[in-house]
Amino acid sequence: MSNTSRPPFTLSIAGSEATGGAGAQADLKTFQALGTYGIVALTCIVSFDPKAGWGHRFVPIEPQVIADQLEAEFACYDMDAVKIGMLGTPATIETVAGALREQTLPHLVLDPVLICKGQEPGAALDTDNALKEQVLPLATFVTPNHFEAMSLSGMDAIEDVEALTEAAKRIYDACGATVLAKGGVRLAGDDAVDVFYDGTTLEILATPKIGEHAVSGAGCSLAAAVTAELAKGATPLEAARSAKAFVTEGIRNRVPSNAPFDALRQL
Ligand code: PXL
């Protein structure tokens with residue numbers, strides 16, 4: 001095939017969130033908005049249940065079907081960066097980790113989805129442990145949210161930016177990946193604060209909060225934006241700064257929903 005220009009190739013290994021706010025849909029929209037070629041390997045399908053408090057109905061994809069998608073994708077393209085979102089079961093984690101171990105990837109961004117909005121914390125400890133044991137060691141960049149930062153650092157509480165910084169350092173020390181720990185709206189104060197740490201550089205990224213409520217798709221879009229920027233050649237710190245600006249703009253442009261949370265919109 002003739003190929004005049006090669007775009008940066010970005011793969012998201014993630015679940016479908018049917019309403020389009022989070023998950024693979026958010027990742028693809030982010031990749032498109034930031035000018036990379038977006039590819040998805042679907043791991044599961046999540047459908048909120050409006051009749052049951054907007055809880056998550058979760059259906060995993062067959063491990064063989066996940067392996068087939070990854071086989072096709074890695075056969076077609078040399079990925080410039082890969083993002084991992086929701087995996088959801090130990091069998092999925094096994095399959096994805098196995099496929100990734102066969103690749104040499106320049107960047108592997110892990111959004112360590114332990115629970116999503118509305119789910120019970122600790123609902124699936126075996127899944128959380130499998131993610132920590134099998135996928136975290138492969139990551140080059142990890143983007144834990146407030147809850148995930150506590151879980152990955154072993155800290156009982158994170159209430160201020162000092163504690164979030166301590167968590168970022170502990171996570172870096174444990175896995176060696178660059179960390180962008182997201183305080184978002186969860187820490188008190190006027191700013192949405194995230195902490196970047198790569199073992200050398202520590203940077204506090206702060207922007208004024210836009211409302212006090214978390215918006216669906218913010219975490220997914222942040223990690224996807226980091227992935228896209230890394231694929232385009234940004235340094236990890238530049239990628240983190242650009243991703244934060246992209247998500248802030250997406251929250252500003254959020255779409256109202258009949259669910260209890262609005263959805264980020266990538267422009
Ligand atoms: O917010 C994290 C997330 C990631 N991936 C999928 C989701 C959610 C939350 O709803 O459904 C598929």
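Just so we're clear, the structure is a prediction, and the values are computed from it rather than from any experiment.

(A) Structural detail: the packing of aromatic side chains. As enumerated under the stated definition, the model contains six aromatic pairs in all. Where Phe9 meets Tyr37, the ring centres are 5.4 Å apart and the plane angle is 75 degrees; that geometry is what we call edge-to-face. Taken together, the residues span a long stretch of sequence, with Phe9 in strand 1 (residues 9-17) and Tyr37 in strand 2 (residues 37-49) at a distance of 28 residues. We classify Phe9 as buried; its relative accessible area is 8%. Overall, Tyr37 belongs to the partly exposed group, its relative accessible area being 38%. We note Lys169 situated over the ring of Tyr197; from NZ or CZ to the ring centre the distance is 5.8 Å.

(B) The pattern of salt bridges, seen in detail. Tallied over the entire structure, the rule returns twelve salt bridges. Note that Lys232 is salt-bridged to Glu229, the shortest N-O span being 3.4 Å. Residue classification places Glu229 among the buried residues on the basis of a relative accessible area of 13%. Here Asp262 makes a salt bridge to Arg254, at a shortest N to O gap of 3.3 Å. A residue is classified by how much of its surface remains accessible, and Asp262, at 26% relative accessible area, is partly exposed. The exposure class of Arg254 is partly exposed, given its relative accessible area of 31%. Ionic contacts of the salt-bridge type, sharing partners, join the residues Asp49, Lys51 and Arg57 into one network.

(C) Structural view of the environment of Lys29. Positionally, Lys29 belongs in helix 1 (residues 23-33). Measuring from C-alpha to C-alpha, the distance between Lys29 and Ala224 comes to 9.2 Å, with 195 residues separating the pair along the chain.

Reading the values: the criteria
- Along each chain, numbering runs from 1 in the same order as the chain's sequence is written.
- At least 70 in pLDDT is required for a residue's local features to be given in this predicted model, at least 80 for side-chain atom pairs to be given and counted, and no such filter applies to totals for whole chains, interfaces and linings, which use all residues.
- With hydrogens and water excluded, all non-hydrogen atoms of the structure serve as input to the side-chain values.
- Stacked, tilted and edge-to-face pairs are distinguished by plane angle, under 30 degrees for stacked and over 60 for edge-to-face with tilted covering the rest, among Phe, Tyr and Trp rings (Trp via its six-membered ring) whose centres lie within 6.5 Å.
- A helix here means a DSSP run of H or I that spans at least four residues, while a strand means a run of E at least two residues long, and both kinds are numbered starting from the N terminus.
- For each residue, the accessible area found with a 1.4 Å probe, counting protein chains only, is set against the maximum for its type, and the residue is called buried under 20%, exposed over 50%, and partly exposed in between.
- Charge-over-ring placement is defined geometrically: NZ (Lys) or CZ (Arg) within 6 Å of the ring centre, and within 35 degrees of the ring normal.
- When a carboxyl oxygen of Asp or Glu lies within 4 Å of a side-chain nitrogen of Lys or Arg, that pair is called a salt bridge.

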